[in-house]
Number of protein chains: 2
Amino acid sequence: MKNNSLSVIKIGGNIIDNPEASKNFLEKFSDLPGAKILIHGGGKVATQTASRLGIETRMVEGRRITDRAMLEVVTMVYGGLVNKNIVATLQSLKTNAIGLTGADAGIIEAEKRPVKTIDYGYVGDVKSVNSAILTNFLENGLVPVIAPLTFSAAGDLLNTNADTMASAAAVALAGNFNVSLIYCFEKDGVLSDPDNDESVISALEPGLYATYKQSGVINKGMIPKLDNSFDALAKGVGRVVICHAKDLHAAVEGSKGTQIHL
Amino acid sequence: MKNNSLSVIKIGGNIIDNPEASKNFLEKFSDLPGAKILIHGGGKVATQTASRLGIETRMVEGRRITDRAMLEVVTMVYGGLVNKNIVATLQSLKTNAIGLTGADAGIIEAEKRPVKTIDYGYVGDVKSVNSAILTNFLENGLVPVIAPLTFSAAGDLLNTNADTMASAAAVALAGNFNVSLIYCFEKDGVLSDPDNDESVISALEPGLYATYKQSGVINKGMIPKLDNSFDALAKGVGRVVICHAKDLHAAVEGSKGTQIHL
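Rules and cut-offs
Residues numbered from 1 in each chain as written. Chains lettered and ligands numbered in written order. Predicted model: local features only at pLDDT ≥ 70, side-chain atom pairs only at ≥ 80, totals over all residues. Heavy atoms only, no water. Helix = DSSP H or I, 4+ residues; strand = E, 2+ residues; numbered from the N terminus. Rg over C-alpha atoms; globule rule 2.2 N^0.38 Å. Buried < 20%, exposed > 50% of the residue type's maximum accessible area, 1.4 Å probe, protein only. Contact = heavy atoms within 4.5 Å. Areas by Shrake-Rupley, 256 points an atom, 1.4 Å probe, with all protein chains shown as cover. Polar contact = N/O pair within 3.5 Å; in protein donor to acceptor, adjacent residues only side chain to side chain. Least-squares fit on C-alpha atoms with pLDDT ≥ 70 in both. UniProt positions renumbered as here; feature names shortened; annotations may be inferred. Pairing = 2+ DSSP bridges. Salt bridge = Lys/Arg side-chain N within 4 Å of Asp/Glu carboxyl O. Axes fitted to C-alpha atoms, helices over the stretch in contact; angles between N-to-C directions. Buried area = accessible area lost by both parts, 1.4 Å probe. Nonpolar A, V, L, I, M, F, W, Y, C, P; charged D, E, K, R; others polar. Expected span 1.5 Å × (residues − 1). Arc of directions from axis to C-beta.

1. What to know about the overall build of chain A
Here's step 1: A tally of regular secondary structure across chain A gives nine helices and 14 strands.
Here's step 2: In terms of overall dimensions, chain A is globule-like: its C-alpha atoms have a radius of gyration of 18 Å, near the 18 Å expected for 262 residues.
Here's step 3: Taking the principal axes of its C-alpha atoms as reference, chain A extends roughly 45 × 45 × 35 Å.
Here's step 4: A buried classification covers 55% of the 262 residues belonging to chain A.
Here's step 5: Considering only contacts within chain A whose residues lie at least 6 apart along the sequence, 68% involve residues at least 24 apart.
Here's step 6: A total of about 10400 Å² of accessible surface is found on chain A, and carbon and sulfur atoms cover 48% of it.

As structure tokens, this is what we get:
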């Protein structure tokens, strides 16, 4: 089984928000050979839909406060609108996608985040991944498309970070597959100068990462993604790449993006 | 394989709209032994959400005109909000539900309804059911929960009648299972007097149905559901029952609701 390769691909909300970039990415994703999983971010549609419904969006440190009303919005937008449109597009491209939240087939269970200084509301921290059922889907030629929602044993849906879901799924499946974890977003990779899109760091290992972090070279928003990446490698994921969505194939081949190594 | 029984259960939108009735039904559904599939209607939440978004709902002969804006609403509400909340509730009841639209794993493909006198917009008529993948899910202990949305080969999601999806799924799976098709709604069965909830017709066969239809005894809205029922029986479904959602177990055992026979 370990001879089989699997690509776990996270696509950022900024790409999903742009119809042309999204379509372009889905065509590339569809063309990628082998077993694959797509995990998508939320994007701005949730905020726009909330606003149209008269629901105020509150963000703390870049994270969405998810009260009951906002949970309904993200369930509609992430689990319904965004997820099902990706699935329908992939079906038209002859990729047999199956749209899932963490609740579906119990694939990703989480715990509601405990209230410390901030009450994030219905936000989940990943607890476990059902790798057996995901493996079964992959063996049957299905392509899971996962929305950034999980569930608790109590029956609550929970708004959950897609980067974390992607690394948790990659780690859980590393026992059955040679897993590549690919983070696709709207930049060409990890930048040594946030204002210069050409300043892509082509390879990053823990020593260099520590140096860049200390000197403040690496953008603060990138740190959780990189921490996730090194954690995934430490737990058996074969490789991690951070790249522009348009460069998916080149990044998988190793010629674009930032390749993360131990 | 034909020794295995399967219950294909449709739950109406009026039950789904009522939180208490919905919870009560899902508990009964969860307790039902054996392989099972749940197909849910839409309910009034789509109309309410459309109204909150400033989108007008237009109905012709009880059917929703689904333009592009309304398609987004039903995709959010049916495929997201309603479907995922049912799944999360069933998961909390230890039923391993998997929420799907027809597009997911390509389970139910449809054709966009051709425009004759009325343009219904993005509305689908069921073309085919992928019984192999549904059988695989059932054999793996999963409980499919299907929203009233299908897809076309062109990549469009399509608003689709849940009664028809239920009978199409029941017929497609009749080759692999002994299928019971159970329509649950807010009445005790098919009534001989629409104004008298006690007037349940306990058994209905084609001769009696023809007589009742001719005399106008059977409510006009019930005719498509009954036509679907007789069609399903003719195509190999073992039994069809129309019953109140609260009577699910008794109806499966044959002691409540209207039992439809050939």
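2. What to know about the side chain of Asn159 of chain B
Residue and element names in this part refer to chain B.
Here's step 1: Along the chain, Asn159 falls in strand β10 (residues 157-159).
Here's step 2: Judged by its relative accessible area of 9%, Asn159 falls in the buried class.
Here's step 3: Of the polar contacts made by the side chain of Asn159, one reaches the side chain of Thr66; its length is 3.0 Å.

3. Points about the relation of the copies chain A and chain B
Here's step 1: At an RMSD of 0.0 Å, chain A and chain B line up after a rotation of 180° and a shift of 0.0 Å along the axis. Such a turn and shift between the copies fits a two-fold axis. Taking the C-alpha atom as reference, chain A places Gly80 of chain A closest to the rotation axis, 1.8 Å from it.
Here's step 2: A shared interface surface links the copies, since 100% of the contact residues of chain A are contact residues in chain B too.

4. A short note on the UniProt feature "site: Transition state stabilizer" (unreviewed entry) in chain A
Residues and elements named next belong to chain A.
Here's step 1: According to UniProt, the feature "site: Transition state stabilizer" (unreviewed entry) maps to Lys10 and Lys225 in the numbering used here. The greatest C-alpha distance among the residues just named is 11.0 Å, despite their covering 216 residues of sequence, which places them together in space.
Here's step 2: If we ignore the near neighbours within four places in the chain, the residues touching Lys10 are Ile39, Gly41, Ala162, Asp163, Ala166, Ile182, Tyr183, Cys184 and Lys225.
Here's step 3: One polar contact links Lys10 to Asp163, side chain to side chain, over a distance of 2.6 Å.

5. A word on the side chain of Asn228 of chain B
Residues and elements named next belong to chain B.
Here's step 1: Along the chain, Asn228 falls in helix α8 (residues 223-234).
Here's step 2: Its relative accessible area of 14% is what places Asn228 among the buried residues.
Here's step 3: Filtering out sequence-adjacent residues up to four positions away, Asn228 remains in contact with Asp163, Thr164, Ser167 and Tyr183.

6. Notes on the pairing of strand β8 (residues 143-146) of chain A
Residues and elements named next belong to chain A.
Here's step 1: Of the two faces of β8, both are covered, the one formed by Val143 and Val145 as well as the one formed by Pro144 and Ile146.
Here's step 2: Direction of pairing for strand β2 (residues 35-40) relative to β8: parallel, over a ladder of two bridges. Paired with Ile39 across the two strands is Ile146, which belongs to β8.
Here's step 3: Strand direction decides the pairing type here: strand β5 (residues 97-100) and β8, joined by four bridges, are parallel. What sits directly across from Leu100, in β8, is Ile146.

7. Topic: the UniProt feature "domain: Aspartate/glutamate/uridylate kinase" (unreviewed entry) in chain A
Here's step 1: Per the UniProt record, the feature "domain: Aspartate/glutamate/uridylate kinase" (unreviewed entry) sits at residues 7-243 of chain A.
Here's step 2: Across residues 7-243 of chain A, the secondary structure splits into 39% helix and 23% strand, with the terminal C-alpha atoms separated by 14 Å.

8. Some thoughts on the pattern of salt bridges
Here's step 1: Applying the stated rule across the entire model yields 24 salt bridges over all chains.
Here's step 2: The salt bridge involving Asp104 of chain A is made with Lys84 of chain B; its shortest N-O contact spans 2.9 Å. Linking Asp104 of chain A in the loop between β5 and β6 (108-112) with Lys84 of chain B in helix α4 (residues 68-92), this pair reaches from one chain into another. As far as burial versus exposure is concerned, Asp104 of chain A and Lys84 of chain B are alike and both buried.
Here's step 3: Among the salt bridges present, the one from Asp163 of chain B reaches Lys10 of chain B, with a minimum N-O distance of 2.6 Å. Taken together, the residues Asp163 of chain B in helix α6 (residues 162-173) and Lys10 of chain B in strand β1 (residues 5-11) connect sequence positions 153 residues apart. The burial state of Asp163 of chain B is the same as that of Lys10 of chain B; both residues are buried.
Here's step 4: Salt bridges sharing common partners tie together Lys10, Asp163 and Lys225 of chain A.

9. Examining the sheet that holds strand β1 (residues 5-11) of chain A
Residue and element names in this part refer to chain A.
Here's step 1: Spatially, eight strands are ordered β5-β8-β2-β1-β11-β13-β14-β12 in an open sheet, and the strand pairing comes out mixed. In the strand order of this sheet, the two ends are held by β5 and β12 (203-204), each with one partner.
Here's step 2: Contacts between helix α2 (residues 19-31) and the sheet are confined to β1, β2, β8 and β11 (178-185), with β2 contributing the most and set at about 155° to the helix.

10. Some details on the interface of chain A and chain B
Here's step 1: Counting residues at the interface gives 38 residues for chain A, matched by 38 residues for chain B.
Here's step 2: Around 3000 Å² of area is buried between chain A and chain B when both sides are counted, 64% of it from carbon and sulfur atoms.
Here's step 3: For the chain A face of the interface with chain B, the top three residues by lost area are Arg52, Met76 and Lys84 of chain A, together amounting to 19%.
Here's step 4: The interface formed by chain A and chain B contains two salt bridges.
Here's step 5: Scanning the region where chain A abuts chain B turns up 10 residue pairs in polar contact (both at pLDDT 80 or more).
Here's step 6: Per-class residue counts for the side of chain A that touches chain B are 19 nonpolar, 15 polar and four charged.

11. Looking at α2 of chain A
Residue and element names in this part refer to chain A.
Here's step 1: Between its terminal C-alpha atoms α2 stretches 18 Å, which fits the 18 Å expected from 13 residues at 1.5 Å a residue.
Here's step 2: For α2, the set of buried residues is Ser22, Phe25, Leu26, Phe29 and Ser30. Angular distribution of buried residues about the axis of α2 spans 135°; they occupy a single face of the element. Exposed residues lying more than 90 degrees from the buried face of α2 are Glu20 and Asp31.
Here's step 3: Residue Asn18 occupies the N-cap position of α2, its side-chain oxygen lying 3.0 Å from the main-chain nitrogen of Glu20.

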